[in-house]
Amino acid sequence: MMLHRHSAMIHSDRLSRRAFLQGAGSALLPILSGCASDPAYKVYPSDPDRPPEIDVHSHIFNVHDLPIYNFLTKVELSGELGKWLSPAALFIVSMVTSRAPTGEMEEKQLKLMRLSGSSVGTDDPRRDPVQMFVEGVNRFIDEHIESQPRGLLARDNNLEFLRFLYQYPRFPPQNGLLLDAEAELAYYRINAARIATQAGTNRHPRVTSRLSLPTWDEVVNFIKSWAPLWSKYRYRLASQLENVAGPNEPIRFVAPAILDSGNWLPDDPGYKSPPSTSLAQQARIMRLISLVQPPGVAVHGYIGFDPLRYIKDQQQGNSQDALAIVRAAVETQGFVGVKVYPPMGFRAIGNADLGDDCFPPHVRMKHLGVLLDRALTELYSYCVDNDVPILTHCSHSQGPDDRAMQRAHPRYWRRLLDIPKFRSLRLNLGHAGGIFDYDKPTDSNVWTNEVADMLGRYPNLYADVSDLAIVTATSGKDKAQKDAILANVSKLPDCAKARLMYGTDWLLMGRYGEAGTYRDAMRTAMGPVLGADLDNFFSGNAAAFLGLSDDKGTRGRLKAFYKANSKNDSILDKFYHPRIASLT
């Protein structure tokens, strides 16, 4: 993609950030439609003829809950943007961090809501994408261009990326070059609101494939859809997730997963991510989110477990180790299960077969593979003994490199489940081996056929269909890909199709333009494929996987959680019926 410099008839006097922001306020209208506020909480009526739906795989973290710069550069955008990788990540961080509430702020807000008996806090839910873009431009210039010495390669790349942001086709082209650096940066500050507002007039883009090179469609999609989500209070993200399914048949049970991946992501020598919200604090926040839900809605999370963190905790003698956090979350904080994330670089089992040099240098230690297997086996033993479900990422995606992502392969979970002690483990193979790429079923990095072969062989094994944004496609190549995926899913054995579950992977799915139509599109797409199993896809299978019909497992723990916190537990009765009980 060609980069062009711009020039403009402007004063070279540099504007202060405060002066610019004060002057920009009147330029921020019209704001981007649909982004200013959250949908209101609703009290959903019971439907005696149909069980309420379950989103079995989602997320409600904000930017403070991940080592965000490392996550963007090593996972989300890894290997795609070349020299623009770091600038793109820095710009995203610049846009969202100042608006996002910290863990301390969220805990305080939720405790006040809990005391008042309210499901809505006093915080301002509005996130104007234009204003966020303006603030992002100014912060990006302040921290990553003007503060850097001239001639530094990173500074030059940051400036070049900023120039790209101003190449929107509807923005009037400029003549010649901006040779005055101060004037150029002032130009970007002055026109930030204008260019973001013009971006808002563009048609909402569909971005159904993994990011390759940045285009204005992708930049606009991020500004309009994703950036505001990353900056919100987590309880408001939960409210938005509950409503994203549509007004007529809303999801009533949502299971958001906390990720614990930071130990596998090395710091960049040029930028160190600020400390993220601790795992223990994220668990406390999720507990409070569960307790402030209005009638008819249940939100209960999966707690993240990183075996590398657990190894380090043991070596350092931490009493509040990773497994202790899991136990507390499951037994007293209203969590339904555990999230394990192998594409960071470990196998479900069999890490002892790997030499020490098979792990990245920043995590390498003597006999790491053996230690990983030992840590994971402790987790699996706890989960089997206490009937605790595990959600895992099972696709060749969202990892730092190919070697790491290969370790999410379902063959390692098969190896684990073939051990008699772990055969009954409640396990969800998230993304069903990469079902979003199942138009290429024989591709070596698409594992859906192997997942299908495993489903039905083990009593508590399931797989979810999540982040399948292509189901929203209605024309062109996207629709052709969707049709090919659905045709291949329809050919799966009935015993495999009978173990599929609905998930969104929201808010990660928020990077796509049509996330709000996802649920209805999924029901339309999967209806002909699943037939009579459609209701189980949306509800019954997830209830069976989670153990919502067994008073001794998840259901019993949630009832005890509600009782201990003086919260009505009648919503759990909606998931208790003989069809579900017979599955387990």
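Note that this is a predicted model, so its numbers are computed, not measured.

S.K.: Residue-level account of the overall build of the protein chain, with values.
M.R.: Helix and strand counts for the protein chain stand at 22 helices and nine strands. With 584 residues in all, the protein chain has 61% of them scored as buried. Within the protein chain, counting contacts between residues at least 6 apart in sequence, those at least 24 apart form 81% of the total. Per element, the accessible surface of the protein chain, about 22400 Å² overall, is 52% carbon and sulfur.

S.K.: I'd love a proper account of the packing of helix α11 (residues 307-316) against helix α13 (residues 368-386), names of residues and values included.
M.R.: Any two packed helices are characterised by the angle at which their axes cross and by the distance between the axes. Orientation of α11 relative to α13, taken along the N-to-C sense of each, is 100°, at an axis distance of 9 Å. With respect to each other, α11 and α13 are oriented roughly perpendicular. Between α11 and α13, the residues in contact are Pro307, Leu308, Tyr310, Ile311, Gln314 and Gln315 and Leu368, Leu371, Leu372, Ala375, Leu376 and Glu378, respectively. Considering only residue class, the contact of α11 with α13 consists of nine nonpolar, two polar and one charged.

S.K.: An account of the environment of alanine 525 is requested, with residue identities and associated values reported.
M.R.: Along the chain, alanine 525 falls in helix α19 (residues 518-530). Aside from chain neighbours lying at most four places away, what touches alanine 525 is Val471 and Leu486.

S.K.: Quick rundown of helix α4 (residues 103-116)? Include the residues and the values.
M.R.: Compared with an ideal rise of 1.5 Å per residue, which puts 14 residues at 20 Å, α4 spans 20 Å between its outermost C-alpha atoms and is within 8% of the ideal. Taken together, the buried positions of α4 are Gly103, Glu106, Glu107, Gln109, Leu110 and Met113. All buried residues of α4 fall inside an arc of 165° around its axis, so they share one side. Away from its buried face, by an angle of more than 90 degrees, α4 presents the exposed residues Glu104, Lys108, Leu115 and Ser116. Glycine 117 lies just past α4 and shows a positive phi near 75°.

S.K.: Give a detailed account of the pattern of salt bridges, specifying residues and quantitative values.
M.R.: Enumeration according to the criterion identifies 25 salt bridges in this entry. For aspartate 439, the salt bridge is made with lysine 440, and the minimal N-O distance between the two is 3.6 Å. With a relative accessible area of 24%, aspartate 439 lands in the partly exposed category. Take lysine 440: its relative accessible area is 36%, and that puts it in the partly exposed class. Ionic pairing is found between aspartate 520 and arginine 519, a salt bridge with its closest N-O pair at 2.6 Å. For aspartate 520, a relative accessible area of 42% translates into the label partly exposed. For arginine 519, a relative accessible area of 3% corresponds to the buried category. Residues participating in the shared-partner salt-bridge network are Glu53, Arg519, Asp520, Arg523 and Asp535.

S.K.: Any chance you could break down the side chain of threonine 472 for me, citing the residues and the numbers?
M.R.: Mapped onto the elements, threonine 472 comes out in the loop between β8 (461-465) and α17 (476-490). In this structure the side chain of threonine 472 is engaged in a polar contact, spanning 2.8 Å, whose partner is the backbone oxygen of alanine 469.

S.K.: Explain the environment of tryptophan 413 residue by residue, including any values.
M.R.: Along the chain, the position of tryptophan 413 falls in helix α15 (residues 410-417). On a C-alpha basis, the gap between tryptophan 413 and cysteine 394 in space is 9.4 Å, while along the polypeptide they are 19 residues apart. Apart from residues no more than four positions distant in its own chain, tryptophan 413 is found in contact with Pro342, Ala348, Tyr380, Thr392, Leu427, Leu429 and Met454.

S.K.: Kindly report on the packing of helix α5 (residues 129-146) against helix α6 (residues 153-165), identifying the contributing residues and their values.
M.R.: Two elements in contact, α5 and α6, have axes whose closest approach is 9 Å; the angle formed by their N-to-C orientations is 150°. Classified by the angle their axes make, α5 and α6 are roughly antiparallel. Contact residues: Phe140, Ile141, His144 and Ile145 in α5; Arg155, Asn158, Leu159, Phe161 and Leu162 in α6. Here the contact of α5 with α6 is composed, by residue class, of six nonpolar, two polar and one charged.

S.K.: Provide a residue-level description of the sheet that holds β8, including the pertinent values.
M.R.: Sheet strands line up and pair through hydrogen bonds in the backbone, either parallel or antiparallel. Taken in spatial order, the six strands of this open sheet run β4-β5-β6-β7-β8-β9, and their pairing is parallel. The sheet is open, and its two borders are formed by β4 (302-305) and β9 (500-502), each paired with just one other strand. Geometrically, the sheet is characterised by an average inter-axis angle of 30° between neighbouring strands, direction not taken into account. In this structure, β4 lies alongside strand β5 (residues 337-340), joined through four bridges in parallel fashion.

S.K.: Before we move on, can you summarise unusual backbone geometry with the specific residues and values?
M.R.: Residue tryptophan 506 is joined to leucine 507 through a cis peptide bond whose omega torsion reads 10°. Assignment of secondary structure puts leucine 507 in the loop between β9 and α19. One non-glycine residue, serine 566, adopts positive backbone phi at about 55°. Mapping serine 566 onto the fold places it in the loop between α21 (554-564) and α22 (578-583).

S.K.: Hey, could you go over the packing of aromatic side chains for me, with residue numbers and the actual values?
M.R.: One pass over the structure, following the stated rule, counts 15 aromatic pairs. An aromatic cluster is built from Phe91, Phe133, Phe140 and Phe161, whose rings are joined through pairwise contacts. Positioned over the ring face of phenylalanine 359 is arginine 407, at 5.1 Å from the centre of the ring. When the ring centre of tyrosine 462 is taken as origin, the NZ or CZ atom of arginine 499, which lies over that ring, is 4.6 Å away.

S.K.: Just give me the short version of α11, but keep the residues and values in it.
M.R.: Residues of α11 that are buried include every one of Pro307, Leu308, Tyr310, Ile311 and Asp313, and no others. As for α11, its buried residues are in contact with β4, α12 (322-332) and α13. Of the residues flanking the start of α11, the one acting as N-cap is aspartate 306, its side-chain oxygen 3.0 Å from the backbone nitrogen of leucine 308. Downstream of α11 by a residue or two, glycine 317 has a phi angle that is positive, lying close to 70°.

S.K.: Residue-level account of the confidence of the model for the protein chain, with values.
M.R.: Within the protein chain, residue pLDDT values average 82, and 80% of them lie at 70 or more. This stretch, residues 1-46, has a pLDDT under 50; its non-local contacts, to residues over four places away or in other chains, come to 113 contacts. Ignoring residues within four places in sequence, the model shows residues 578-584, a span with pLDDT below 50, making 15 contacts including any to other chains.

About the cut-offs
- Residues numbered from 1 in each chain as written.
- Predicted model: local features only at pLDDT ≥ 70, side-chain atom pairs only at ≥ 80, totals over all residues.
- Heavy atoms only, no water.
- Helix = DSSP H or I, 4+ residues; strand = E, 2+ residues; numbered from the N terminus.
- Buried < 20%, exposed > 50% of the residue type's maximum accessible area, 1.4 Å probe, protein only.
- Contact = heavy atoms within 4.5 Å.
- Areas by Shrake-Rupley, 256 points an atom, 1.4 Å probe, with all protein chains shown as cover.
- Axes fitted to C-alpha atoms, helices over the stretch in contact; angles between N-to-C directions.
- Parallel < 35°, antiparallel > 145°, perpendicular 65-115°, else oblique.
- Nonpolar A, V, L, I, M, F, W, Y, C, P; charged D, E, K, R; others polar.
- Expected span 1.5 Å × (residues − 1).
- Arc of directions from axis to C-beta.
- Salt bridge = Lys/Arg side-chain N within 4 Å of Asp/Glu carboxyl O.
- Polar contact = N/O pair within 3.5 Å; in protein donor to acceptor, adjacent residues only side chain to side chain.
- Pairing = 2+ DSSP bridges.
- Phe/Tyr/Trp six-rings, centres within 6.5 Å; stacked < 30°, edge-to-face > 60°.
- Lys NZ or Arg CZ within 6 Å of the ring centre and 35° of its normal.
- pLDDT = per-residue confidence, 0-100.

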